[in-house]
Amino acid sequence: MRKSWIGLLALVMVVGLVLAGCSSESSLEQGEKGKNEKVKIGLSISTLNNPFFVSLKEGAEKEAKKQGVELIVADARDDTAKQLNDVEDLIQKNVDLILINPTDSKAVVTAVESANKSDIPVITVDRESEGGKVLAHIASDNVAGGKMAGDYILEQIGKKGNIVELEGIAGTSAARDRGKGFHQAVDDQKDIKVVASQPANFDRAKGLNVMENILQGKKDIQAVFAHNDEMALGALQAIQSAKKDILVVGFDATDDAVKSVEKGELGATIAQKPEEIGKTAIEAAVTAAKGEKVEKFYPVELELITKK
């Protein structure tokens, strides 16, 4: 009887060790994510207080639903510290991949590196990260878009006159690249002068206030290039209140901006297609989650929108 109990106990211990060995093996050690397991993707977005990023989020959500993946969205509200906390929270939720739309390209490096340490792939969206390991980047060619805007302004004002530049949030790749492209177009023009380059942080109210201040000091202005439509619409409001006739060109082709262009108020806007950016980001994330190769850069087509 005693021998039977000893034999039974030994059998239970062996089975237990086998089960323990199986359960301790991670899903990564077992191979690619199981076919029946739902892919979980985190999206840390800079702000949802901007129509462009709302459209980007909606594009991502539509594609996530189509692909049958879970998407967790976190709004950083243009706060770099909150974005870092949001990414840490997504890491704790064991997402398979994190899409990051940085509030600040330099400040976001800490968040990217945190995901790297947790072996969670990162894909940046619209704005780049200045450091950390990034699997892919999805965005429009902002340099080309800035040059497109600059070339259009030169054409409309006859390559002669004074231009104001309203800059986006300092430290973002979008502001840097759009400004770079714009200056590629206008800096070599002998009869063109950029009389003011001031940040308005991609915000309509700030665009209004900054433009009001510029108009008080600069009376002879032919055109304004704003790094996004929100600032462009704010600048347009200031110009209309001052009863001035100044060409304003924005960037993003938000609904409000396109309507303003069609009314003949805003001169033009560069269509960056945010929904397509969000859609492409999910497609790349799902491809990566399946263990398949992704490209380093996914360019999304740009288009100049003028009055029809």
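Residues numbered from 1 in each chain as written. Predicted model: local features only at pLDDT ≥ 70, side-chain atom pairs only at ≥ 80, totals over all residues. Heavy atoms only, no water.

Undergrad: Help me understand the packing of helix α3 (residues 51-67) against helix α11 (residues 274-289), please; the structure alone is not making it clear to me.
TA: Axis angle and axis distance: for two packed helices, these are the angle between their axes and the distance between the axes, and together they describe the pair. Between α3 and α11, whose axes approach to 7 Å, the crossing angle comes to 40 degrees. On the basis of their axis angle, the class for α3 and α11 is oblique. In this structure, the crossing between α3 and α11 has a hand that is right-handed. In contact with Phe 52, Ser 55, Leu 56, Glu 58, Gly 59, Ala 60, Lys 62, Glu 63, Ala 64 and Gln 67 of α3, α11 contributes Pro 274, Glu 275, Ile 277, Gly 278, Lys 279, Ile 282, Glu 283 and Val 286. Within the contact of α3 with α11, the residues separate by chemical class into 8 nonpolar, 4 polar and 6 charged. (Axes fitted to C-alpha atoms, helices over the stretch in contact; angles between N-to-C directions. Helix = DSSP H or I, 4+ residues; strand = E, 2+ residues; numbered from the N terminus. Parallel < 35°, antiparallel > 145°, perpendicular 65-115°, else oblique. Left-handed = near helix turned anticlockwise from the far one by under 90°. Contact = heavy atoms within 4.5 Å. Nonpolar A, V, L, I, M, F, W, Y, C, P; charged D, E, K, R; others polar.)

Undergrad: Even after reading the chapter, I still don't get the pairing of strand β1 (residues 40-45), so can you show me in this structure?
TA: Side chains on a regular strand alternate between the two faces of the sheet. Counting buried positions along β1 yields 5 of 6 residues, so the element is predominantly enclosed. Here 6 bridges tie β1 to strand β2 (residues 70-75), and the two strands are oriented parallel to one another. When the bridges of β2 are listed, Lys 40 appears paired with Glu 70. Bridge analysis of β1 against strand β3 (residues 97-100) gives 4 bridges, and the strand direction is parallel. What sits directly across from Leu 43, in β3, is Leu 99. (Buried < 20%, exposed > 50% of the residue type's maximum accessible area, 1.4 Å probe, protein only. Pairing = 2+ DSSP bridges.)

Undergrad: What should I look at first to understand the pattern of salt bridges in this one?
TA: Any two side chains of opposite charge can pair, on the condition that their charged atoms come close. Taken as a whole and judged by the stated rule, the model has 13 salt bridges. Here Arg 176 and Glu 128 are joined by a salt bridge, their closest N and O atoms 3.9 Å apart. One end of the pair, Arg 176, is in helix α7 (residues 173-186); the other, Glu 128, is in the loop between β4 (122-125) and β5 (136-139), with 48 residues separating them in the sequence. For Arg 176, a relative accessible area of 40% puts it in the partly exposed group. For Glu 128, a relative accessible area of 33% gives the class partly exposed. (Salt bridge = Lys/Arg side-chain N within 4 Å of Asp/Glu carboxyl O.)

Undergrad: In this structure, what is going on with the side chain of Asp 252? I would like to understand it.
TA: Its location among the elements puts Asp 252 in strand β9 (residues 247-252). Taking the relative accessible area as the measure of exposure, Asp 252 reaches 4% and is therefore buried. Side-chain polar atoms of Asp 252 contact the side chain of Gln 272, separated by 2.9 Å. (Polar contact = N/O pair within 3.5 Å; in protein donor to acceptor, adjacent residues only side chain to side chain.)

Undergrad: Whenever I open this one, the sheet that holds strand β12 (residues 303-305) confuses me. Can you help?
TA: Across a sheet, paired strands are connected by hydrogen bonds in the backbone, their directions being either parallel or antiparallel. One open sheet accounts for 6 strands, arranged β7-β6-β8-β9-β10-β12; its pairing is mixed. Looking at strand neighbours, the two that pair on one side only are β7 (192-199) and β12, the edges of this open sheet. Averaged over all pairs of adjacent strands, the angle between their axes in this sheet comes to 20 degrees, without regard to strand direction. Taken together, the 3 bridges between strand β8 (residues 223-226) and β9 define a ladder with parallel strand orientation. Bridge assignment links Ala 223 to a residue of β9, and that residue is Leu 247.

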